[in-house]
Amino acid sequence: MALMVLAGAGALMAQTQSTSSTTPSAQASSAQSSGQSSGNFQGSVVTEKATDGVLPLTLDEAIQRGLKHNLGLILSGQSERTAGGQRLQELQGLLPTVNGSIKDAVQQTDLQAQGLRIPGFPAIIGPYGYQDIRGSLTWSLINVNALQNYLASRHNFQSAKLSVQDARDLVVLTVGNAYLTCVADKSRIDSVQAQVATAKVSLDRAVSNHQAGTAPLLDELRARVDYQSLQQSLITTQNQYWKDRIALARTIGLPLDQKFDLTDQAPYAALDQLDVDAAVKQALENRSDLKAMQEQVEAAKRSKSAATAERFPVLSFNGDYGDIGVNVLHSHGTFDAVGELSVPLFEEAKLRGDARQAQAQLEEKAAQLSDLRGQVSADIHDSILDIHAAEQQVEVARSNVQLSNEALNEAQQRYAAGVTDNLAVSQAQQALAQANDQYVSSLYQHNVAKLALARALGVAEKNYKDYVGGK
């Protein structure tokens, strides 16, 4: 019977430990799932060296560091530069191309090798040469295909700029989640340490009662299992805390050997009554990723027009002017001027293939845009549901902590008075541990849900303080 009781207590405590260590990471994965989630946002570029002492780190400072060092944002900036370069390349197709050249040529010719055998005429002539200083100009005067490709590149460049703005919101969400995870871990450590201290008091009392002969050995064994199980939970929670600190440092570009202290806590502040329809409308107006996708659709439309314009004539001009002669002192100016009208006569397979590819890309982008509009609405609904649920969980968890503390005090008093054994004390300790863990988790979930709502609305970078701290 004693073994069954001890096994049951150990299993329940192990279940409490499992819930404590996995809830934050699961919530972090959920918070990162919206938008263009990528492992790149979990990394950073470290440009600083660790300093002596402990660095105080607020949530705002962590986010600002993330906006400076986060790898996902840096790569988004590089993508913007790439799109800008492609825009300039397409623009050159509409501008004149001017080149200059200087030639100094020397030749010697074997006439016999050319099949010329003239009696009395030298077989080898030369060496002889000339100098040529010349400028050339090439210009597509009318090229609808090049024009449409340039307009498509402009939309792609604008899309890349908007993607950078969206990446900044994702950095705020990523860093905020990592910071709040560490805060939750620290609160959980404090809670488990208090539980360990309470369990130690219960263990000492059980040992004293057993030595005095007023309690059976089973009470001491049960109290020792509870105490050691909470010690295991404390070790697991502390280990998770330090791992989450490493993840936070990786996200914001801190050297891993830099010591820092989290100075902000996770306050509970309920949001004002949220209007779902108004929030969805605001998100559709503000979300940078939605605007970026709209620009991609416009770019696809221009690319389709460019594919159609491949059938159109192209009017171009080629010309050059230069000075050519034996040398600069004995030379004369020469020029060429050529106007060309080029019309494709038979490229049907290529033209149809290009048109079908452009149409397929347009339909793909249009479908993605439609899906993203639905996803934006879903993000708002999900975030508001999570906020409401977390608010209720916080209130229930807070009440459970109070009731569990009262139940533990009552059980300890009854055990101290010898009215009952310490089974009720053990059960009350386990209930309190679970209640504290649920309270910490619900606070974390509530703050992350508010941060996710700010990201869903497209205002995470500008107004995250209003949401994390209450609005």
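Please read these numbers as outputs of a predicted model, since none were measured by experiment. Each chain carries its own residue numbering, running from 1 in the written order of its sequence. Reporting in this predicted model follows two pLDDT cut-offs: at least 70 for local features of residues, and 80 or more for side-chain atom pairs to be given and counted; totals over whole chains, interfaces and linings ignore these cut-offs and use all residues. Processing note: side-chain calculations cover all non-hydrogen atoms of the structure and skip hydrogens and water entirely.

## Concerning the overall build of the protein
Strands here mean DSSP runs of E at least two residues long; helices mean DSSP runs of H or I at least four residues long; both are numbered from the N terminus. Counting its secondary structure elements, the protein contains ten helices and six strands. Against the globule reference of 23 Å for 471 residues, the protein gives a C-alpha radius of gyration of 37 Å, more extended than a compact globule. Overall, the protein is about 140 × 50 × 40 Å in size when its C-alpha atoms are taken along their principal axes. Residue contacts are defined here by distance: any two heavy atoms, one from each residue, within 4.5 Å place the two residues in contact. Counting only contacts in the protein whose residues sit at least 6 apart along the sequence, the fraction spanning at least 24 positions is 84%. Summed over its atoms, the accessible surface of the protein is roughly 25,000 Å², and 54% of this surface lies on carbon and sulfur atoms. We take the radius of gyration over the C-alpha atoms and set the globule estimate at 2.2 Å times the residue count to the 0.38 power. The method behind every accessible area is Shrake-Rupley, applied with a 1.4 Å probe, and residues are considered shielded solely by the protein chains displayed.

## Some remarks on the sheet that holds strand E3 (residues 124-142)
Sheet strands pair via backbone hydrogen bonds, and the direction of the pair is either parallel or antiparallel. Whether two strands pair depends on DSSP finding at least two bridges between them. Read from one edge to the other, the open sheet built from four strands follows the order E2-E3-E5-E6, with strand pairing classed as antiparallel. On the outer flanks of this sheet lie strand E2 (97-110) and strand E6 (330-342), each paired with one strand and no other. Neighbour-to-neighbour, the strand axes of the sheet open up by a mean angle of 20°, direction not taken into account. To obtain each axis, a line is fitted to C-alpha atoms, and for helices this fit is confined to the stretch in contact; angles are then taken between N-to-C directions over 0 to 180 degrees.

## Examining the confidence of the model for the protein
The pLDDT score gives, residue by residue, the confidence of the prediction method on a 0 to 100 scale. Per-chain confidence: the protein averages 86 in pLDDT, with 91% of residues scoring 70 or above. Across the protein, helix H7 (residues 288-309) holds the top mean pLDDT of 95, while helix H1 (residues 2-31) sits lowest at 37. Note on residues 1-36: pLDDT under 50 across the span, and 58 contacts to partners over four residues away in sequence or across chains.

## Side note on the packing of aromatic side chains
Side-chain rings of Phe, Tyr and Trp, where Trp is taken by its six-membered ring, are said to pair if the distance between their centres is within 6.5 Å; with planes under 30 degrees apart they count as stacked, over 60 as edge-to-face, and otherwise as tilted. For the structure shown, the criterion picks out one aromatic pair. Positioned above the aromatic ring of Phe157, the side-chain terminus of Arg87 is 4.7 Å from the ring centre. Charge-over-ring placement is defined geometrically: NZ (Lys) or CZ (Arg) within 6 Å of the ring centre, and within 35 degrees of the ring normal. One residue, Arg245, lies across the ring of Phe260, its end atom 4.0 Å from the ring centre.

## With respect to helix H3 (residues 71-92)
To estimate how far a helix should extend, the number of its residues minus one is multiplied by 1.5 Å. Its 22 residues place the ends of H3 32 Å apart at the C-alpha level, agreeing with the 32 Å of an ideal helix rising 1.5 Å per residue. Here the term buried applies to any residue with accessible area under 20% of the maximum for its type, exposed to any over 50%, and partly exposed to those in between, with areas from a 1.4 Å probe on protein chains only. Within H3 the residues assigned to the buried category are Gly72, Leu73, Ser76, Gly77, Ala83 and Gly84. Burial along H3 is one-sided: seen end-on, the buried residues are contained in an arc of 140°. Turned more than 90 degrees off the buried face of H3, the exposed positions are Arg81, Leu88 and Gln89. Looking at the packing, one finds that the buried side of H3 touches helix H2 (59-69) and helix H4 (144-212). Pairing of N or O atoms within 3.5 Å defines a polar contact, subject to two protein rules: one partner must be a possible hydrogen donor and the other a possible acceptor, and residues neighboring in sequence count only if both atoms are side-chain atoms. N-cap assignment for H3: the residue whose side-chain oxygen lies 3.0 Å from the backbone N of Gly72 is Asn70. Throughout, the arc means that of the directions going from the helix axis to the C-beta atoms.

## Focus on the pattern of salt bridges
Put simply, a salt bridge is a Lys or Arg side-chain nitrogen that is within 4 Å of an Asp or Glu carboxyl oxygen. What the rule picks out here adds up to 21 salt bridges. Between Glu310 and Lys350 there is a salt bridge whose closest N-O contact spans 3.6 Å. In this pair, Glu310 is assigned in the loop between H7 and strand E5 (314-327) and Lys350 in helix H8 (residues 348-416), connecting sequence segments 40 residues apart. A residue is classified by how much of its surface remains accessible, and Glu310, at 22% relative accessible area, is partly exposed. As a salt-bridge pair, Lys350 and Asp354 come within 2.9 Å of each other at their nearest N and O atoms. Of the two residues, Lys350 and Asp354 are both situated in helix H8; the distance of four residues between them amounts to about one turn of the helix. Through salt bridges with shared partners, a single ionic network connects Asp166, Arg287, Asp289, Asp379 and Arg455.

## What about empty space enclosed by the protein?
Empty space among the atoms becomes apparent when a probe as large as a water molecule is rolled across them. Think of a 1 Å grid over just the protein atoms. A cavity is a set of points where a 1.4 Å probe fits yet cannot get out, a pocket is an open set with protein on both sides within 12 Å along at least five of seven lines, and lining residues have an atom within 4 Å of a point. Grid points are joined across faces, edges and corners, and a volume is the space filled by probe spheres set on the points. Applying the stated rule across the entire model yields three cavities of 30 Å³ or more. Within this model, the second largest cavity holds a volume of roughly 40 Å³. Taken together, Gln195, Thr198, Ala199, Leu230, Leu408, Gln429 and Leu432 make up the full set of residues lining the second largest cavity. Listed by contribution, the elements that provide at least two residues to the lining of the second largest cavity are H4 and helix H9 (423-457). Sorting elements by how many residues they give to the lining of the second largest cavity places H4 first, with three residues. All residues other than Ala, Val, Leu, Ile, Met, Phe, Trp, Tyr, Cys, Pro, Asp, Glu, Lys and Arg, Gly among them, are scored as polar; the first ten of these are nonpolar and the last four charged. For the lining of the second largest cavity, a count of residues per class yields four nonpolar, three polar and no charged.

## What about unusual backbone geometry?
The step from Gly126 to Pro127 runs through a cis peptide bond, and the omega angle for that step is 0°. Locating Pro127 in the fold gives a position in strand E3.

## A look at the pairing of E5
Bridge count between E3 and E5: eleven bridges; the pairing is antiparallel. From the neighbouring strand, Ile142 faces E5, where its bridge partner is Leu315. As judged from the 13 bridges shared by E5 and E6, these two strands associate in the antiparallel manner. Bridge pairing links Phe317 to Gly339 in E6. Hairpin connection between E5 and E6: a loop of two residues separates the two successive antiparallel strands.

## Focus: the side chain of Glu295
Mapped onto the elements, Glu295 comes out in helix H7. Positive charge is attributed to Lys and Arg, negative charge to Asp and Glu, and no charge count is given to His or to the chain ends. Within the buried core, Glu295 has no salt-bridge partner, and the shortest N-O distance to an opposite charge, that of Arg154, equals 8.5 Å. Looking at Glu295, its side chain comes within polar contact range of the side chain of His155, at 2.8 Å. Among residues more than four places away in sequence, those in contact with Glu295 are His155, Gln158, Ser159 and Leu162.

## Section: the packing of H9 against helix H10 (residues 460-468)
Two numbers describe how H9 lies on H10: the axes approach to 9 Å, and their chain directions differ by 150°. Considering the angle they form, H9 stands roughly antiparallel to H10. Crossing geometry of H9 relative to H10 is assigned as right-handed. Here H9 contributes Asn447, Lys450, Leu451, Leu453, Ala454, Arg455 and Leu457 to the contact with H10, which in turn contributes Ala460, Tyr464, Tyr467 and Val468. Class assignment for the residues of the contact of H9 with H10 results in eight nonpolar, one polar and two charged. Roughly parallel means an angle under 35 degrees; roughly antiparallel means over 145; roughly perpendicular covers 65 to 115; every other angle is labelled oblique. Crossing handedness follows the turn of the near helix against the far one: under a right angle anticlockwise gives a left-handed crossing, and clockwise gives a right-handed one.

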